[in-house]
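As a plain string of letters, each chain reads:
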Amino acid sequence: MESLKCGILRTGIGELSLNNVLQCGQAFRWVYNSKNLQYSTTMKVGDTYKVVILQQPDETTIKFTGLGLEGSDLTPLKDHLHDYFRLDLSLIQMHSEDWLTRDSSFQTKSPRGVRLLNQEPWETLVSFICSSNNNIYRITKMCHNLCEHFGNKVGTLDGIDYYSFPTSEELCSRASEDKLRTLGFGYRAKYIIGTAAKMASDKQNLSETEYLSNLKDHLTYEQIREQFMSYPGVGPKVADCACLMGMKMDDVVPVDVHIARIAQRDYRFTPNKASLKELQEKYKDLPITRKKVNYELDLIRIMFKEKWGDYAGWAQCVLFAQEMGKIAGATTEGLVSKRKVKSEYEIEIKGEDLEVKLEDVEETVTEKIEYSITGRPRRRATKKVKYEF
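Residues numbered from 1 in each chain as written. Predicted model: local features only at pLDDT ≥ 70, side-chain atom pairs only at ≥ 80, totals over all residues. Heavy atoms only, no water.

Participant: I'd like to hear about the overall build of the chain, residue by residue, with values.
Facilitator: A tally of regular secondary structure across the chain gives 16 helices and 10 strands. Contacts in the chain between residues far apart in sequence, at least 24 positions, make up 67% of those at least 6 positions apart. (Helix = DSSP H or I, 4+ residues; strand = E, 2+ residues; numbered from the N terminus. Contact = heavy atoms within 4.5 Å.)

Following this line, the structure appears as structure tokens:
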């Protein structure tokens, strides 16, 4: 990275931690270089994919660059990253001025720089189809395989080839259910092929991003979720992840086993018959929702939305990261790396001044997992597993 022209993004203390957000279950294609302490991936900047490289030398500085940008204006990439990390919003203010006033439990739940990412909606949808009954290690492997086998090569960095995320047309023309099953996608193979075929038909002459973004301009949340769930393999949680992380619908709270456990354990959630009946009446004109939704889990979503407000989805990301207690993803060594990050985080409000102290202590443990031909981890973990990028 030192040999490339770099730009700088400035953030407030506690606003963004690359270590805590890039491999915490939102995005699955960031590759960590432990030697250079940098992250890299491909991102669609404007209409073109670029290999993007990030470093965070201190709490308030993000260094960024991209392959092939020597002598180029870095402003478009800087603007893209500003939007990707949603830096127009203050995470610290959300925590101190909104969530704390609504929910006293946030006194012991610090954001640790975990922000909601603004990702491409198509990639988000397909990535979370891969997440069904899955873990971050295998989702990461699947997303990289989709790019390597069905995307287009963008560039090479440190001996690793980087690829674009395949469009719906590219998946339709280059992939097949059999190919995906060979790569370890299992039953998800037919869902990805079916979703790609339906998307290619639905969007007509638009790009996937244009088509999905248009939904937000014309439909309610419930209608958008219904539309997402019309794609094969997409249930309420996957649809909500696409809404939150791919459509900037900040009040949507995806509910998985982790969030359901938090609701029952920490908030003593119990459904009541009257609320269940109200939901059934509300969804009477949404046949796919009626078929796929779990009404009790949907009541958890509604409870958290009402409790946390307009940025409930951001609060969910903070709690999810804390519940998981670790971050995991691909590395340049071709391994699955699991890193546990502990933060000492203090917020003190003095008059109108907000004082934040943040200290991260990182402990790295490398998980080396061997996968079978079906994509399942073998029962006995060995000391080596390799990703092919």
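Okay, back to it.
Participant: If you had to explain the pattern of salt bridges to someone new, which residues and values would you point to?
Facilitator: What the rule picks out here adds up to 18 salt bridges. Its salt-bridge partner being Glu-222, residue Lys-282 comes within 3.2 Å of it at the nearest N-O pair. Taken together, the residues Lys-282 in helix α13 (residues 273-282) and Glu-222 in helix α10 (residues 221-228) connect sequence positions 60 residues apart. By relative accessible area, Lys-282 is classed as partly exposed at 47%. With a relative accessible area of 19%, Glu-222 lands in the buried category. The partner of Asp-266 in a salt bridge is Arg-265, with the nearest N and O atoms 2.8 Å apart. Judged by relative accessible area, which is 36%, Asp-266 ranks as partly exposed. (Salt bridge = Lys/Arg side-chain N within 4 Å of Asp/Glu carboxyl O. Buried < 20%, exposed > 50% of the residue type's maximum accessible area, 1.4 Å probe, protein only.)

Participant: Which residues make up the nonpolar core, and what values do they have?
Facilitator: Residues Trp-99, Leu-146, Phe-185, Phe-228, Val-234, Phe-304 and Trp-308 are the most contacted members of the largest nonpolar core, which totals 78 residues. Leaving out residues up to four positions away in the same chain, Val-234 has contacts with Leu-125, Ile-129, Phe-228, Met-229, Ala-239 and Lys-292. Among the nonpolar cores identified, the runner-up in size contains 24 residues, and Leu-22, Leu-77, Leu-81 and Leu-87 belong to it. (Core = buried A, V, L, I, M, F, W, Y, C linked by side-chain atoms within 4.5 Å.)

Participant: Kindly report on unusual backbone geometry, identifying the contributing residues and their values.
Facilitator: Phi at Arg-112 takes a positive value of approximately 55°, unusual for a residue other than glycine. Judged by relative accessible area, Arg-112 falls into the buried class, the value being 14%. One non-glycine residue, Asp-158, adopts positive backbone phi at about 50°.

Participant: Please set out the environment of Arg-10 residue by residue, giving values where relevant.
Facilitator: You can see Arg-10 is positioned in strand β1 (residues 7-10). Classification of Arg-10 by relative accessible area gives exposed; the value is 59%. Along the backbone, Arg-10 and Thr-61 are 51 residues apart, and their C-alpha atoms lie at a distance of 5.0 Å. Once residues within four sequence positions are removed from consideration, Arg-10 is found in contact with Thr-60 and Thr-61.

Participant: Requested: an account of the packing of helix α12 (residues 257-266) against helix α15 (residues 295-308), with residues and values cited.
Facilitator: Axis angle and axis distance: for two packed helices, these are the angle between their axes and the distance between the axes, and together they describe the pair. Interaxial distance between α12 and α15 falls to 10 Å at its minimum, and their mutual angle equals 70°. By the angle between their axes, α12 is roughly perpendicular relative to α15. In this structure, the crossing between α12 and α15 has a hand that is left-handed. Here Ile-259, Ala-260, Ile-262 and Ala-263 of α12 come into contact with α15, specifically with Leu-297, Ile-300, Met-303 and Phe-304. Within the contact of α12 with α15, the residues separate by chemical class into 8 nonpolar, no polar and no charged. (Axes fitted to C-alpha atoms, helices over the stretch in contact; angles between N-to-C directions. Parallel < 35°, antiparallel > 145°, perpendicular 65-115°, else oblique. Left-handed = near helix turned anticlockwise from the far one by under 90°. Nonpolar A, V, L, I, M, F, W, Y, C, P; charged D, E, K, R; others polar.)

Participant: Got a sec to walk through the confidence of the model for the chain? Specific residues and values, please.
Facilitator: Low pLDDT marks regions whose predicted coordinates should not be analysed in detail. Mean pLDDT for the chain: 86, with 84% of residues reaching 70 or above. With pLDDT under 50 throughout, residues 342-389 is counted as low confidence; its partners more than four residues away or in other chains account for 119 contacts. (pLDDT = per-residue confidence, 0-100.)

Participant: Describe in detail the packing of α10 against helix α11 (residues 236-247), supporting the description with residues and values.
Facilitator: Close contact between α10 and α11 brings their axes to 9 Å; oriented N to C, the two are set at 115°. The hand of the α10/α11 crossing is right-handed. On α11, the residues that touch Tyr-221, Ile-224, Arg-225 and Phe-228 of α10 are Pro-236, Ala-239, Asp-240, Ala-242, Cys-243 and Met-247. Its residues assigned to classes, the contact of α10 with α11 comprises 8 nonpolar, no polar and 2 charged.

Participant: Lay out the environment of Trp-308 in plain terms, naming residues and giving numbers.
Facilitator: Summarising the element assignment, Trp-308 is placed in helix α15. Between the alpha carbons of Trp-308 and Asp-98 there is a distance of 7.6 Å; along the sequence they are 210 residues apart. Setting aside residues no more than four positions away along its own chain, Trp-308 makes contact with Asp-98, Trp-99, Arg-102, Asp-103, Phe-106, Tyr-267, Ala-315, Gln-316 and Leu-319. Polar contacts involving the side chain of Trp-308 include one to the side chain of Asp-103, which spans 2.9 Å. (Polar contact = N/O pair within 3.5 Å; in protein donor to acceptor, adjacent residues only side chain to side chain.)

Participant: Kindly report on the pairing of strand β3 (residues 38-45), identifying the contributing residues and their values.
Facilitator: The buried fraction of β3 amounts to 7 of the 8 residues, a majority that puts the element mostly inside the structure. Sheet topology note: the strand β2 (residues 31-33)/β3 ladder contains 3 bridges and is antiparallel. Bridge pairing links Asn-33 to Gln-38 in β3. Counted between consecutive antiparallel strands, the loop separating β2 from β3 contains 4 residues, among which Leu-37 sits at a positive phi close to 50°. Taken together, the 8 bridges between β3 and strand β4 (residues 48-58) define a ladder with antiparallel strand orientation. When the bridges of β4 are listed, Tyr-39 appears paired with Leu-54. Linking β3 to β4, which pair antiparallel, is a turn of 2 residues; within it Gly-46 sits at a positive phi near 70°. (Pairing = 2+ DSSP bridges.)

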